[in-house]
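Notes for the structure review
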Amino acid sequence: MSVEPLHAGPLTLAQRLTRMILASGPISIAQYIAEANAHYYATRDPLGSAGDFTTAPEISQMFGEMVGLCLADVWMRSGRRPNPYYVELGPGRGTLASDALRAMEQAQLAPRVHFVETSPVLRECQQARLAHARFHDDLDTVPEDGPLLVVANEFFDALPIRQIEKTQAGWRERVVVPRPGREGEAFVGMAGERPMEAAVPAALRDAQDGEIYESGPAGAAVGFALAQRIARQGGAALLIDYGYEGPALGDTLQAVRAHKMTDPFDDVGESDLTAHVDFTMLGNVARQAGLRVYGPIGQGAFLTRLGIDARADMLVRTSPDRADEVRIARDRLVNTDQMGDLFRVMAFTHPDWATPEGFA
Ligand code: SAH
């Protein structure tokens, strides 16, 4: 079947997806998210007040410092294994890495730096911050000859999820089609025809019509690859995200643009698409690979146990003019009505490694 071009010049992402759907049928929610986010991250630096959203490391240096301290401490208590690597997944502007590495240096730990990042725009920001960093498209090419100290902050939430909806006919994969009357511009999500009963955990199958079950095959694959590497090479990982303990029902797909929620099916590739992370699933894949799993615990509890309050006091003493700024940032990261409970921290470690601080 041939499809008439919608447009003479180079196609926009919306036009390209529309042509693809007209030619070969509706695409899955997962494929839609993958296409949208690949375009989104490849074409901009989305972080900070002038961008679309702000992450914990962009709020304060204290966040990256506590992450770095946690990893340095667990490395020291696990026998200071030689030749460690700092590996970050989706490092954004490189802010977390530069704060974490500075904190590690104080503990006499200077790992080599490897980033898993697909966005050329963000790679450039990261290289400007950390000239020695090496880049990878995925974990496959990360070196294998030393333990891995891994960080992923707001990385897993950007990976595609599938959505499965309970309909009168049974559980069906949700799909994306052009929005009637706005073909080539906007889309709409709806239950498709593919039966998916087998993908829904038995305990959730008896749900009301309209309920949605999400699964994260991409997150599971990255989590498993990461866990297998740590099982072979030694090391520890800290995964920090907005997430839940699954399995659970609920539609968590969100779009954010200029710090406001928008419709995920409007302006494809121009807003940040995320879904909440199923920490139970991540914990299970790590255990399958033979690792120890800690958490998830609230970000607030984690940062407090690692000493963010003492660090805030120290920053206030050295620059009293910044006291308000430091206190406000500390509260944003820690308080339960801000990021402290919504964001969770999970750790994976090699079974011979010590328990990371913060997960008492
Ligand atoms: N960790 C940073 C940035 C979070 S935004 C912070 O906390 O500020 C998500 C990051 O993941 C971006 O750097 C984005 O380019 C990257 N990313 C998204 N999807 C990716 C993928 N599939 N593979 C590699 N990196 C990805």
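What this report covers is the structure whose coordinates are included nearby. (Residues numbered from 1 in each chain as written. Predicted model: local features only at pLDDT ≥ 70, side-chain atom pairs only at ≥ 80, totals over all residues. Heavy atoms only, no water.)

**Considering the packing of aromatic side chains**
Using the criterion set out here, one finds 8 aromatic pairs in the structure. Between Tyr 32 and Phe 265, the ring centres sit 5.3 Å apart and the planes meet at 40 degrees, which makes this aromatic pair tilted. Residue Tyr 32 is found in helix 2 (residues 29-42), and its partner Phe 265 is found in the loop between strand 12 (260-262) and strand 13 (272-274); the two are separated by 233 residues along the sequence. Each member of the pair, Tyr 32 together with Phe 265, is buried. Taking the centre distance of 5.5 Å and the plane angle of 40 degrees together, the rings of Tyr 242 and Phe 343 count as tilted. With Tyr 242 in strand 10 (residues 235-244) and Phe 343 in strand 16 (residues 343-349), this pair connects stretches of sequence that are 101 residues apart. Exposure remark for Tyr 242: the relative accessible area of 26% places this residue in the partly exposed category. (Phe/Tyr/Trp six-rings, centres within 6.5 Å; stacked < 30°, edge-to-face > 60°. Helix = DSSP H or I, 4+ residues; strand = E, 2+ residues; numbered from the N terminus. Buried < 20%, exposed > 50% of the residue type's maximum accessible area, 1.4 Å probe, protein only.)

**Here we look at the sheet that holds strand 13**
The strands that make up a sheet are held in pairs by hydrogen bonds between backbone atoms, and each pair lies either parallel or antiparallel. With respect to topology, 3 strands assemble into an open sheet ordered 12-11-13, the strand pairing being antiparallel. In this open sheet, the two edge strands, each paired with only one partner strand, are strand 12 and strand 13. Neighbouring strand axes in the sheet, compared pairwise and without regard to direction, differ in orientation by 40 degrees on average. As defined by bridge partners, strand 11 (residues 254-257) adjoins strand 12 across 3 bridges and the pair is classed as antiparallel. Paired with Arg 257 across the strands is Lys 260, a residue of strand 12. (Pairing = 2+ DSSP bridges. Axes fitted to C-alpha atoms, helices over the stretch in contact; angles between N-to-C directions.)

**A look at the pattern of salt bridges**
With the rule as written, the count across this model stands at 25 salt bridges. As a salt-bridge pair, Arg 93 and Asp 45 come within 2.8 Å of each other at their nearest N and O atoms. A residue pair is termed long-range when its members are at least 10 positions apart, and Arg 93 in the loop between strand 2 (85-89) and helix 5 (95-106) and Asp 45 in the loop between helix 2 and helix 3 (56-59) qualify at 48 residues. We note a salt bridge from Glu 185 to Arg 182, for which the minimum N-O separation is 3.1 Å. Take Glu 185: its relative accessible area is 46%, and that puts it in the partly exposed class. Classification of Arg 182 by relative accessible area gives partly exposed; the value is 33%. Taken together, the shared-partner salt bridges connect Arg 179, Arg 182, Glu 185, Asp 263 and Asp 266 into one network. (Salt bridge = Lys/Arg side-chain N within 4 Å of Asp/Glu carboxyl O.)

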